[in-house]
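Examining the three-dimensional arrangement
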Amino acid sequence: LIADTYWGPVRYRENRLQNGGTAVAVFNDYIVITTNMSPSVFPMSITVISQHDSNEKYEMYPFEQDFKQTNRLMRRKGGKFSFCPSKPTVDPDHNRIFAYDFLAGKLASFNFVPGQGLNTSWEKDIHTTYFGAAVGGLDNRVFVIPYNDLDELKDFTMWVDAETGEELLRSGPLDMGAFTPITPGFDGDIYVLSRAGKISKLSIIEA
């Protein structure tokens, strides 16, 4: 096994104040990564890079405006304002990427068009430190993500329409460990890990 000298290295942290990403997600002929796996004073970015040509790169700062508006006062006090501990979730069938920023309080879906770049499909105001998953068939794809309710100080899991961002279903309170992934099972089941070292199964039951 040797390094591919014809590909990269590719810089995905364009600002020295950004922190590194958690991991790369493979996305058809591309890879995608977000920054700020640890809290940063600089906005999170999403970078998409061709697996065939490392010179083909697309970059976006999706929550930059929210970052500037909501954190101006806190920034003067020397705080951290961007935190994205999970790798992005990808839906290769629809050229769709899901990413969030916990400290910005944003979750969004992005459409990727090769040769053009990224654009925001929908955006929601939530705080999450978890990994999400895209599940379901081609015509009814759903994005599942645990999130942190900062008012109730509890964690929940939410199912949203992957195309529109409409909330479809929400679980009751969960004792989940932060920064953990969720694992899709069969028939819509979702497995989650708890702080107490237990595994729970979330199942959808028709009323």
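Anything mentioned here points back to the structure above.
About the thresholds
Residues numbered from 1 in each chain as written. Predicted model: local features only at pLDDT ≥ 70, side-chain atom pairs only at ≥ 80, totals over all residues. Heavy atoms only, no water. Core = buried A, V, L, I, M, F, W, Y, C linked by side-chain atoms within 4.5 Å. Buried < 20%, exposed > 50% of the residue type's maximum accessible area, 1.4 Å probe, protein only. Helix = DSSP H or I, 4+ residues; strand = E, 2+ residues; numbered from the N terminus. Contact = heavy atoms within 4.5 Å. Pairing = 2+ DSSP bridges. Axes fitted to C-alpha atoms, helices over the stretch in contact; angles between N-to-C directions. Polar contact = N/O pair within 3.5 Å; in protein donor to acceptor, adjacent residues only side chain to side chain.

Another aspect to go through is the nonpolar core. Counting 19 residues, the largest nonpolar core has Val32, Val48, Ile97, Phe110 and Leu118 as its most contacted members. Those elements giving two or more residues to this core turn out to be β1 (25-27), β2 (30-34), β3 (46-50), β4 (57-60), β6 (96-101) and β7 (106-113). When residues in this core are grouped by element, the largest group, 3 residues, is from β7. Setting aside its immediate chain neighbours within four residues, Phe110 contacts Ile46, Met60, Pro62, Phe63, Asn95, Arg96, Ile97, Ala99, Leu118, Asn119, Thr120 and Ser121.

The next subject is the sheet that holds β1. Strand pairs in the sheet, formed through backbone hydrogen bonds, run parallel or antiparallel to each other. Read from one edge of the open sheet, 4 strands run β1-β2-β3-β4, paired in antiparallel fashion. Pairing within the sheet leaves two strands with one partner each, and these edge strands are β1 and β4. Sheet twist, expressed as the average angle between the axes of neighbouring strands with direction ignored, equals 20°. In terms of strand pairing, β3 meets β4 through 4 bridges, oriented antiparallel. What sits directly across from Val48, in β4, is Tyr58.

Examined bridge by bridge, β7 and strand β8 (residues 117-124) share 7 bridges and lie antiparallel to one another. The partner of Phe112 across the bridge, within β8, is Leu118. Count of turn residues in the β7/β8 antiparallel hairpin: 3 residues, of which Gly115 carries a positive phi of about 90°.

Moving on: the environment of Asn19. Among the structural elements, Asn19 can be located in the segment before β1. With a relative accessible area of 22%, Asn19 lands in the partly exposed category. In the structure, Asn19 is positioned 167 residues away from Phe186 in sequence and 36 Å away in space, judged by C-alpha atoms. Residues in contact with Asn19, not counting those within four places in the same chain, are Arg13, Thr35, Asn36, Ser38, Pro39 and Ser40. Within the local environment of Asn19, its side chain forms a polar contact with the backbone oxygen of Ser38, the two atoms lying 3.1 Å apart.

This next bit is on the sheet that holds strand β15 (residues 199-202). Read across the open sheet, the 3 strands follow the order β13-β14-β15; overall the sheet is antiparallel. Two strands in the sheet have a free side with no partner beyond their single neighbour: β13 (183-184) and β15. With 4 bridges joining them, strand β14 (residues 190-193) and β15 adopt antiparallel strand pairing. Note that in β15 the partner of Ile190 across the bridge is Leu202.

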